[in-house]
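One letter stands for each residue in the lines below.
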Amino acid sequence: MQNPNLSFWAQEEGNRPDLLCGRSADYTIEKVYFPVLVCSTIVLGGLLRAFLKNSEVIVLMILSLFGFLVGQLAYSSIQVHRIIYPLLRTPSFSLYCYFSPLIIFMAALDVDFYILKNVFWQVLLTGLISFSTAFIIIGYVVLKFNKDSWDLQSCLLFSMTLVITDPVHSVNSLKTIGISKMYTDIIRGESMIICGFTSIFFGILRSKLLSISSFKELHIIICLCLDIFGSTVCGYWCARIIQFILTDLFSNTLTNIVLCISMVYMTFYIVEFLGMSGMVALVTVGLNLDSLSFKPRIELIITKFLIMFSYVFQHLIYTFFGIVIGCAEIKYIQFQTIVFMFVLFVTVCLARLVTIVLVSPILRHSSYEYNWRWAVVIAWSGIKGVFSLLLAPDIHNLAEQKVESPQLFILYIQVISLMTMGINSYMMTHSARTLGLCAISLPRQMAMQNAIKHIQEIIQNKITLFKTEKILTNVNWTLVEEKTRIEYIIPFAHTSYDKKAKEECPTDEVLIEEARLHIAIIQMSSFEKQCNDGVLGVEAARTLIGAIKSYCHIQGKFVSIYDVSTYVKARSWLVKFKNLLTFLEYHKDNISPFYMSKNNKFLTFIYHIVFSEEFEYAGYIIAIIYIYPMIMHLWPMARELNVSALILVNYYFVFLYLLESTLKIIILKRKYFHQHWNTLEFLIVIIGIIDIFCIYFVKLRPDNLVLIQFTVIMGYFRIIRFFPLIKIIIPLLINIVDVQIKKRLSLMYSITKGYVKSQEDTKFLIRQISSRESINQKLYEILETNKRDAVKELGLIEHEGRDVVIALKTKQAIRNVIAKALKNLTFLWSRGIIDKHEGVEMNKVLLTKIKSLNNIPMAIPPPTPDKYLHNIVWLENKDALIEFFKDRAKLAYFDYGDIICKEGEMPQGIYLIISGMAILQSSPPTFGIERSLRAERESTSRFTEYCTSGDIIGELCCLLKREFEYTAICETILQACFISLEDLYEGFDVFWPSLEYKIWLKLALSIAYQYFESSLVDEDLTFQKCVVLNHAYVETLSSYNEVTIDNVNMKFVIVVYGSVIDTKTEIPYLAPCILPKTCEQVQGTSDLSKLLIIQASELVKNNNTKAMAHTSFEMTKRDYNWKRKDELEAGTHFRKGY
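Colleague: Please give an account of the overall build of the protein that cites residues and values.
Modeller: Per the secondary structure count, the protein includes 44 helices and 16 strands. When the 1138 residues of the protein are sorted by exposure, 48% land in the buried category. Taking all contacts inside the protein whose residues are at least 6 apart in sequence as the whole, residues at least 24 apart take part in 80%. Put simply, the protein shows about 57700 Å² of open surface, and 63% of that area lies on carbon and sulfur atoms.

Right, dumping it as structure tokens:
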């Protein structure tokens, strides 16, 4: 053994690394033992976590004591010293680089960037004030009460290390009791700012030790700028690279995990190598990654791996530093050391309290509610952790004056970190619960009870359905109902819901505010699901989610499409810039040679010269060549040496400009000045001639000071001779701006489309949000208004960038088809029809198709008007039908504000919108029922709907030959394909009866999805499948006709038009509605009633062959023919007679 008094922290001469703890060994090292120690520590930590659940601080205390005992054994035993010697030889900065990157990345990844962005300046000021206050208070106490003879530099470094708040442990206890993520992100943001600032300061000190130059102020400023701004830029671009890698369609889960972790370390090491802060870079990387940066379901797996590694790293850190403390001599640990530990703990808590008092005015101005209760909780959040511990060895390494017991630095910090983890964490949770910050509000309790009630209804309906199955007749259903009954106790509710509901009933405003937060969560979930399904782009989804989070904190604010994007501003400056470039673009004023005298060969010769490309390029070359003489003219020394040469060159170039303008004037005459670029060239010639005369007069009167100054000024005006060169780059700039406008239009269309879908998704869940009918009605009106505004924006975008929208829709259609193919491939693969190798290869082919969608052009020219007939679904893309209507269809043009049809007028035909947008305004639709019968269900509000390209106006009115129930007004210039009523009914006769039936089927499916999409979400009711496979069909009932409902084979029976009555109970059902399962037979009560019947899936599966499907469809048509005949005999004016 060597002398134990030898300093374990002394820095050796030369370039040898600092020893974390220990001495050079005079024996052969057997490295196989150290991995055993590492593995044993990991296993021990895992076992302790398994037995001591929710007691992380106890686990770390036991591991620290375990490390201390190992260190003591190493101090007295050579055999144990051999085991830990690789640790003792490891430089402290190496441990910092091994462990800190992954932990800080995990902490930053868990922070919501949009929440932090809203309160960035408050959090930044809070972090800086917290650092400064704690540094001053702790530094003063250490200087005043420390008895270990530390110098000023060591005391300051120790204080700075103890200032760091751990971004992981400072919020872990709050997350377990359901505290809002807004507050945990604010605390964590402050912690990351302090960590980043401290790492920057220690990095500057390390660079000082390694550099030869003196430590000057300029060096500090440059280092700070690089560490803050340079690291942030590097982190941002590294985040983009990681996002690009993780969203690759062909990467698997294992590859993503390996690449994510390796890229984190590579980012840290590269940034540190470049002399910047790796900590700041990784914070930036974590903040710029979110759930959309990963492939679906990958984020959860990567997060679990990061949490696992962070726990393992923490166990190793506390064990390793326990070993380091144990390697020291016990004599340095005295009673005053223990007293000083408690003094430090009190000081840390006091410093945190003073900090909260100072920053409270700042936090009150934040976007979130802040009061004295939150101040009490945050005052206990100054928890120290691994980052303080990892920087503790640098206190001794960076200090100029070395101390005899450097292990005390680590001992104090490790003990303080464990004390704050235990005491502060408990006080945070206890304070939050005592002060009522965890208590769930009554509106929230009502919402949760409503959701529980809805789940219980679903369970009861499922049990009722199972009771009808023969195989389950001998099940003890009483026991099933008892075991499946939900009795959920709301956590952190001081009083029960029923008791509190009796005491006070929340107002509609309070309930709407609670519902607004639920709607925001539902919308964000919808955006994320659309993104995962490929319906919405990542950038559009991120924009929508960011907008929802940005406005979520504003009380009573329901986010509209106008709040979502900055589209109007971005579009306006891009369009204005393009208009300016278009105005400046050079257009040749071409003149036909036939207008000239054929005998004047001179003019013909000049004409061919002026309008040749060579002449145009010669002008550009002249301007480019003049660059060198202009540089010499502006350079005083060169100008004095070449005065006469520059004068001659100026004469030459002015002559060339004069010749060019003269030739153009000869040909163009007065039209020469119609082009602004020609005017500029003429101005260049005039200024050049004035410049020449000024130089000549200066030669005549060299003593005239005013003339000399004027000549010098005119010489600087020669710069305008380069302005014509702008003509070259203007077409390129126009193309670039066009691309940006198309990108912006495409993004805005995707954003608006995704917003509309989220509004539709939210409307189906309104009744699960609140059980009060008045709240549901208000929410429905708000969502419907927002959706209507978004649909209007869609129409305006489509009118402005029709080719861009067509390209986007085409891309989405291809994506949907491939997604359907992937779904079918997964089904065949899971059933064993396709083996694993074939499935993988086919999956690669389909994924390649999806990836190739990025190469689709951004704009696709719109099809010709006759091609739009292929988009009418009831024409089924059949040539005979299309050719029939193609010969009879006419193009109709409408200007802005024109009325296409007016409410109460008889229809003249149907309009297929080719381009533009129309607004439909109407009273509530009647669905063929007299308004007197709908008095109870009638709404006084007007309905508004927008129609865009591909929509049809007037289908139902033409089928019924009844007046329009709405007024259609053009919102933009509109082009439509018009099919007259006579031509439509002629088509009914020629293609009778299938054409009329298919129109009714299309309308019935549209009404069903419009009103009952939540009930039909699992049904595949595409028009083609309904026609070919008879998944759904339309049944016609006239007055007093009856139809029997087979609830076994009929899954849904929906009244889409007219009204019926239950023949057994005489309960009337008005369209639109779904008939209940209790109905066995209904009778029509309107002149015409239409029922959409959706068959049970089992019946469809048994009827899936082509022959059976064809037979089924023919039966439907025969039934339909019989019903039409019955209607005609009954005297209904359903169709026109010929």
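Colleague: Explain helix 2 (residues 56–76) residue by residue, including any values.
Modeller: Between its first and last C-alpha, helix 2 extends 31 Å over 21 residues, near the 30 Å set by a 1.5 Å rise per residue. Of the surrounding elements, those touching the buried residues of helix 2 are helix 1 (33–51), helix 3 (78–88), helix 8 (169–175), helix 13 (298–326) and helix 18 (407–434).

Colleague: Would you mind going over the packing of aromatic side chains in detail, with residue names and values included?
Modeller: With the rule as written, the count across this model stands at 35 aromatic pairs. Note on Phe99 and Phe320: the rings are 6.5 Å apart at their centroids and 45 degrees apart in plane angle, and the pair reads as tilted. Of this pair, Phe99 sits in helix 4 (residues 92–109) while Phe320 sits in helix 13, placing them 221 residues apart in sequence. The pair formed by Phe99 and Phe320 is uniform in burial state, with each residue classed as buried. Here the aromatic residues Phe34, Phe99, Phe309, Phe313 and Phe320 are joined through ring pairs into a cluster of three or more. The side chain of Arg888 reaches across the aromatic face of Phe884, ending 3.8 Å from its centre.

Colleague: Any chance you could break down the nonpolar core for me, citing the residues and the numbers?
Modeller: Core analysis: the largest hydrophobic core is formed by 125 residues, its most contacted members being Trp150, Phe158 and Ile179. The residues contacting Ile179, other than those within four sequence positions of it, are Leu174, Thr184, Trp374, Ala432, Leu437 and Cys438. Counting residues in each nonpolar core, the second largest holds 65 residues, with Cys977, Phe1023, Ala1032 and Val1043 among its members.

Colleague: A description of the sheet that holds strand 8 (residues 974–980) should follow, citing residues and the corresponding values.
Modeller: The strand order across the open sheet formed by four strands is 1-8-3-6, and the pairing between neighbours is antiparallel. A strand with exactly one partner marks an edge of an open sheet, and here the two such strands are strand 1 (890–894) and strand 6 (952–953). In this sheet, strand 6 lies alongside strand 3 (residues 909–915) in antiparallel orientation, the contact comprising two bridges. Note on strand 6: the bridge partner recorded for Leu912 is Ile952.

Colleague: Outline the pattern of salt bridges, supporting the account with residue identities and numerical values.
Modeller: Within the structure shown, the criterion is met by 19 salt bridges. The closest approach of N and O atoms between Lys549 and Asp112, which form a salt bridge, is 2.5 Å. Here Lys549 is found in helix 23 (residues 538–551), whereas its partner Asp112 is found in the loop between helix 4 and helix 5 (113–118), with 437 residues between them in sequence. Where Asp761 meets Lys757, a salt bridge forms, and the shortest distance between an N and an O atom there is 2.7 Å. Remark: Lys757 and Asp761 occur in helix 33 (residues 726–763); sequence separation between them is four residues, near one turn of the helix.

Colleague: Residue-level account of the confidence of the model for the protein, with values.
Modeller: Mean pLDDT over the protein: 79, with 86% of residues reaching 70 or higher. Within the protein, the element-level pLDDT minimum falls on helix 44 (residues 1106–1130), averaging 35, and the maximum on helix 12 (residues 278–288), averaging 92. Within the model, pLDDT remains below 50 along residues 1–24, and this stretch shows 57 contacts once partners closer than five positions in the same chain are excluded. Counting interchain partners and residues more than four positions distant, the pLDDT-below-50 stretch residues 494–503 has 13 contacts.

Colleague: Can you lay out the pairing of strand 3 for me, pointing to particular residues and giving the numbers?
Modeller: Of all seven residues in strand 3, seven are buried; the element is thus mostly enclosed. Inspection of the sheet shows strand 3 paired to strand 8 by six bridges, in the antiparallel sense. Paired with Tyr911 across the bridge in strand 8 is Phe978.

Colleague: An account of the sheet that holds strand 12 (residues 1059–1062) is requested, with residue identities and associated values reported.
Modeller: Strands sit in the order 10-15-12-13 across an open sheet of four strands; the sheet is antiparallel. The sheet terminates laterally at strand 10 (1042–1044) and strand 13 (1068–1070), the two strands that pair on one side only. Between one strand axis and the next, the sheet turns by 30 degrees as a mean value, whatever way the strands run. Note that strand 12 and strand 15 (residues 1081–1084) share three bridges and pair antiparallel.

Colleague: Describe in detail unusual backbone geometry, supporting the description with residues and values.
Modeller: Among all residues save glycine, negative phi is the norm, and among peptide bonds the norm is trans. The amide bond that connects Ala1071 to the next residue, Pro1072, takes the cis arrangement and shows omega of -5 degrees. As for its position among the elements, Pro1072 is in the loop between strand 13 and strand 14 (1073–1074). Backbone geometry places Lys961, a non-glycine residue, at a positive phi of 55 degrees. Turning to its location among the elements, Lys961 is positioned in the loop between helix 39 (955–960) and strand 7 (966–970). Phi at Tyr1040 takes a positive value of approximately 70 degrees, unusual for a residue other than glycine. Looking at the element boundaries, Tyr1040 is found in the loop between strand 9 (1032–1038) and strand 10.

Colleague: Lay out the packing of helix 7 (residues 152–163) against helix 18 with the relevant residues and their values.
Modeller: Direction vectors running N to C along helix 7 and helix 18 enclose 25 degrees, while the axes themselves pass 11 Å from each other. In terms of orientation, helix 7 and helix 18 fall into the roughly parallel class. Relative to helix 18, the crossing made by helix 7 is right-handed. The segment helix 7 lies against helix 18, with Ser154, Phe158, Thr161 and Leu162 engaging Phe409, Tyr412, Ile413 and Ile416. Here the contact of helix 7 with helix 18 is built from residues that sort into six nonpolar, two polar and no charged.

Colleague: Kindly report on the environment of Val564, identifying the contributing residues and their values.
Modeller: Within the fold, Val564 resides in helix 24 (residues 561–564). What makes Val564 buried here is its relative accessible area of 8%. Sequence spacing of Val564 and Ser550 is 14 residues, and the spatial spacing of their C-alpha atoms is 9.5 Å. In this structure Val564 touches Thr543, Leu544, Ala547, Val559, Ile751 and Tyr755, once residues within four positions along its chain are discounted.

Colleague: Lay out the packing of helix 31 (residues 676–700) against helix 32 (residues 705–716) with the relevant residues and their values.
Modeller: Relative to each other, helix 31 and helix 32 sit at 150 degrees, their axes nearing to 9 Å. Note that helix 31 runs across helix 32; the crossing there is left-handed. When helix 31 is examined against helix 32, the residues Ile687, Ile690, Asp691, Cys694, Ile695, Phe697 and Val698 are found in contact with a partner set consisting of Leu707, Ile708, Phe710, Thr711, Met714 and Gly715. When the residues that make up the contact of helix 31 with helix 32 are grouped by side-chain class, the tally is ten nonpolar, two polar and one charged.

Colleague: If you had to explain the state of the cysteines to someone new, which residues and values would you point to?
Modeller: In the structure shown here, the tally under the stated rule is zero disulfides. Here Cys970 is not cross-linked by a disulfide; its sulfur's nearest cysteine counterpart is in Cys901, at 9.7 Å. No disulfide involves Cys1079; its sulfur sits 8.5 Å from that of Cys1073, the nearest cysteine. A relative accessible area of 0% places Cys1079 in the buried class.

Colleague: Please provide a residue-by-residue account of the pairing of strand 4 (residues 918–922), values included.
Modeller: Counting buried residues in strand 4 gives four out of five residues, a clear majority hidden from the surface. Bridge analysis of strand 4 against strand 5 (residues 943–947) gives five bridges, and the strand direction is antiparallel. Of the residues in strand 5, the one forming a bridge with Gln921 is Thr944. Sheet topology places strand 4 next to strand 7; five bridges connect them, and they run antiparallel. Among the inter-strand pairings, Gln921 is bridged to a residue of strand 7, identified as Thr967.

The rules behind the values
Residues numbered from 1 in each chain as written. Predicted model: local features only at pLDDT ≥ 70, side-chain atom pairs only at ≥ 80, totals over all residues. Heavy atoms only, no water. Helix = DSSP H or I, 4+ residues; strand = E, 2+ residues; numbered from the N terminus. Buried < 20%, exposed > 50% of the residue type's maximum accessible area, 1.4 Å probe, protein only. Contact = heavy atoms within 4.5 Å. Areas by Shrake-Rupley, 256 points an atom, 1.4 Å probe, with all protein chains shown as cover. Expected span 1.5 Å × (residues − 1). Phe/Tyr/Trp six-rings, centres within 6.5 Å; stacked < 30°, edge-to-face > 60°. Lys NZ or Arg CZ within 6 Å of the ring centre and 35° of its normal. Core = buried A, V, L, I, M, F, W, Y, C linked by side-chain atoms within 4.5 Å. Pairing = 2+ DSSP bridges. Salt bridge = Lys/Arg side-chain N within 4 Å of Asp/Glu carboxyl O. pLDDT = per-residue confidence, 0-100. Axes fitted to C-alpha atoms, helices over the stretch in contact; angles between N-to-C directions. Parallel < 35°, antiparallel > 145°, perpendicular 65-115°, else oblique. Left-handed = near helix turned anticlockwise from the far one by under 90°. Nonpolar A, V, L, I, M, F, W, Y, C, P; charged D, E, K, R; others polar. Disulfide = S-S within 2.5 Å.

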